[in-house]
Amino acid sequence: MTRQVRVLIPTKTSLQRSRVLVVGDAMLDRYWFGSVDRISPEAPVPIVRVTREEERLGGAANVALNVKTLGAQCTLLTVVGEDEPARILRRLLEEQGVTTVLGSDPRLYTIVKLRVIGRSQQLIRVDFENQPEHEVLQQMLTDYARVLPEHEAVLFSDYGKGGLTHIPRMIELARAAGKPVLIDPKGSDYRRYAGASVITPNRAELAQVIGAWSGEAQLHERAQNLRRELGLTGLLLTRSEEGMTLFDDAGHLDVPAQAREVFDVTGAGDTVIATMATLLAAGLSLRDAVPIANRAGSIVVGKFGTASVSYEELFA
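A quick note: this is a predicted structure, and the numbers were derived from the prediction, not measured.

A.B. asks: Would you mind going over the environment of glutamate 129 with me for this structure?
C.D. replies: Mapped onto the elements, glutamate 129 comes out in the loop between β7 (121-128) and α4 (141-147). Between the C-alpha atoms of glutamate 129 and tyrosine 109, which are 20 residues apart in sequence, the distance is 5.5 Å. Once you skip the residues sitting within four places of it in the chain, glutamate 129 turns out to touch Tyr109, Ile111 and Lys161.

Dropping the structure here:
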């Protein structure tokens, strides 16, 4: 049965005292904006005359920025290459006040996602990356164990880029230290997330693991079976226009989507899990945090590109 949704508003001071450790695949998001006046004579594609360029934090770096924008303290632990995008990432993170524990690997290309925008629409996305042949974050385990005690929650942002191959050991260390562990999952094998506090798949990601469901009853049964199999406290399914559903020991909690014009869904999942981690670090329960995270997601889709939400926007 769906229960009445209540919203517990944390104080700004409680968020400022909260500390979240974000671990995962950091990226640089590049945007080229321009005008489109004609079609290329070489191929049936538009010609974009670039008039402005913009660079933003992406991937786990955007998750960290979302935590910081809400007012909490945040540390980002990741590995980048020894290249120009890595230098830009370091500068942007410093400008935003995100504490960093950055490893560098000359064999790694720092991931760049280039989006070309014309007439306020994304025309193409070009990704620059390489799949590492080695575990890039393994070298950071000592650093992870060192900074872990300084934080109230740990958030793993898995983009399936090879950075979190050894995530089970990191989960084990965090849970042994009594920290809530939140994971934005990727791939079809969720066994490596066993023991986490909560995972936050979207519909497509969850269907990849439990199969397509024919109705709510089948979804609930399969989601709860997966949650129990992995030993999770909660499984939060994000459902776009249908809102969110939290599956936990008490059953399920449905939170409807808030009516709002959708401009861009890029990074909405980052905002949701960053908000969840910040609120859990501040002492809220999963059930108290979900409606607030749902509101944060509904706000950020009204913005362009990878974006974040402030405390004032969230609780206005």
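A.B. asks: Just checking my understanding: could you explain the sheet that holds strand β3 (residues 46-59) for this structure?
C.D. replies: Sheets are built from strands paired through backbone hydrogen bonds, the pairs being either parallel or antiparallel. Strand order in the open sheet formed by four strands is β3-β2-β6-β7, and the pairing between neighbours is mixed. Only two strands of the sheet have a single neighbouring strand rather than two, namely β3 and β7. Looking at each pair of strands side by side, their axes are set apart by 20° on average, direction ignored. When strand β2 (residues 26-39) meets strand β6 (residues 111-118), the two strands line up parallel, connected through eight bridges. Of the residues in β6, the one forming a bridge with glycine 34 is glycine 118. In the packing of helix α2 (residues 60-69) onto the sheet, the strands contacted are β2 and β3, and the crossing angle to β3 comes to about 65°.

A.B. asks: Before we go on, may I ask you to explain helix α7 (residues 216-230) in this structure?
C.D. replies: Side chains that are three or four residues apart share a direction in an α-helix, a result of its 3.6 residues per turn. The terminal C-alpha atoms of α7, which comprises 15 residues, lie 21 Å apart, in line with the 21 Å expected from a rise of 1.5 Å per residue. Where α7 is concerned, the buried positions are Leu219, His220, Ala223, Gln224, Leu226, Arg227 and Leu230. Looking down the long axis of α7, one finds its buried residues gathered within 160° of arc, a one-sided arrangement. Turned more than 90 degrees away from the buried face of α7, the exposed residues are Ala217, Glu221, Arg228 and Glu229. Check the buried side of α7 and you find it contacts α6 (203-210), β11 (234-238), β12 (244-248) and β13 (251-255).

A.B. asks: Would you mind going over unusual backbone geometry with me for this structure?
C.D. replies: Excluding glycine, a negative phi dihedral is what most residues carry, and trans is how most peptide bonds are arranged. Phi at arginine 119 takes a positive value of approximately 55°, unusual for a residue other than glycine. Its location among the elements puts arginine 119 in the loop between β6 and β7. The exposed category is assigned to arginine 119, whose relative accessible area is 62%.

A.B. asks: Would you explain the nonpolar core in this entry?
C.D. replies: In summary, soluble globular proteins display a tendency toward joint burial of nonpolar side chains. Membership of the largest hydrophobic core comes to 58 residues, with the highest contact counts inside it found for Val22, Leu76, Leu236, Met276 and Leu314. Per-element accounting of this core gives the leading share, nine residues, to helix α8 (residues 268-281).

A.B. asks: Explain the packing of aromatic side chains here, please?
C.D. replies: Taken as a whole and judged by the stated rule, the model has four aromatic pairs. Positioned above the aromatic ring of tyrosine 31 is the side chain of arginine 56, whose terminal nitrogen or guanidinium carbon lies 5.0 Å from the ring centre.

A.B. asks: Any chance you could explain the pairing of strand β9 (residues 181-184) here in plain terms?
C.D. replies: Consecutive side chains along a regular strand alternate between the two faces of the sheet. Residue alternation in β9 divides its side chains into two sets, Val181 and Ile183 and Leu182 and Asp184, and both sets are buried. Where strand β8 (residues 153-157) lies against β9, four bridges are found, and the strand directions are parallel. Residue pairing for β9: leucine 155 is matched across the bridge by leucine 182. As defined by bridge partners, β9 adjoins strand β10 (residues 198-199) across two bridges and the pair is classed as parallel. Bridge assignment links isoleucine 183 to a residue of β10, and that residue is isoleucine 199.

A.B. asks: How should I be thinking about the pairing of strand β5 (residues 99-104) in this particular structure?
C.D. replies: Where strand β4 (residues 73-80) lies against β5, six bridges are found, and the strand directions are parallel. Residue pairing in the sheet places threonine 78 in a bridge with leucine 102 of β5. Crossover connection from β4 via helix α3 (residues 84-96) to parallel β5: handedness right-handed.

A.B. asks: Can you walk me through the pattern of salt bridges in this structure?
C.D. replies: Close approach of charged atoms allows side chains with opposite charge to pair. Summed over the entire model, instances satisfying the criterion amount to 21 salt bridges. The residue glutamate 152 makes a salt bridge to arginine 19 at a minimum N-O spacing of 2.4 Å. Residue glutamate 152 is located in the loop between α4 and β8, and its partner arginine 19 is located in strand β1 (residues 19-24); the two are separated by 133 residues in the primary sequence. On the accessibility criterion, glutamate 152 (25% relative accessible area) is partly exposed.

A.B. asks: Mind showing me how you'd approach the environment of methionine 276 here?
C.D. replies: Assignment of secondary structure puts methionine 276 in helix α8. Separated by 40 residues in sequence, methionine 276 and leucine 236 place their C-alpha atoms 10 Å apart.

A.B. asks: I'm lost on the sheet that holds β4 in this one. Help?
C.D. replies: Here nine strands make up an open sheet; going across it, the order is β5-β4-β1-β8-β9-β10-β11-β12-β13 and the pairing mixed. The sheet is open, and its two edges are formed by β5 and β13, each paired on a single side. Sheet strands touched by α8: β1, β8, β9, β11 and β12. Its angle to β9, the strand with the most contacts, is close to 180°. Across the sheet, helix α9 (residues 286-300) is in contact with β10, β11, β12 and β13; its angle to β12 comes to roughly 165°.

A.B. asks: Any chance you could explain the side chain of serine 310 here in plain terms?
C.D. replies: Residue position: serine 310 is located in the loop between α9 and α10 (311-314). Discounting chain neighbours no more than four positions away, the residues touching serine 310 are Thr69 and Leu70.

Conventions adopted
Residues numbered from 1 in each chain as written. Predicted model: local features only at pLDDT ≥ 70, side-chain atom pairs only at ≥ 80, totals over all residues. Heavy atoms only, no water. Helix = DSSP H or I, 4+ residues; strand = E, 2+ residues; numbered from the N terminus. Contact = heavy atoms within 4.5 Å. Pairing = 2+ DSSP bridges. Axes fitted to C-alpha atoms, helices over the stretch in contact; angles between N-to-C directions. Expected span 1.5 Å × (residues − 1). Buried < 20%, exposed > 50% of the residue type's maximum accessible area, 1.4 Å probe, protein only. Arc of directions from axis to C-beta. Core = buried A, V, L, I, M, F, W, Y, C linked by side-chain atoms within 4.5 Å. Phe/Tyr/Trp six-rings, centres within 6.5 Å; stacked < 30°, edge-to-face > 60°. Lys NZ or Arg CZ within 6 Å of the ring centre and 35° of its normal. Right-handed = clockwise from strand over helix to strand, strands pointing away. Salt bridge = Lys/Arg side-chain N within 4 Å of Asp/Glu carboxyl O.

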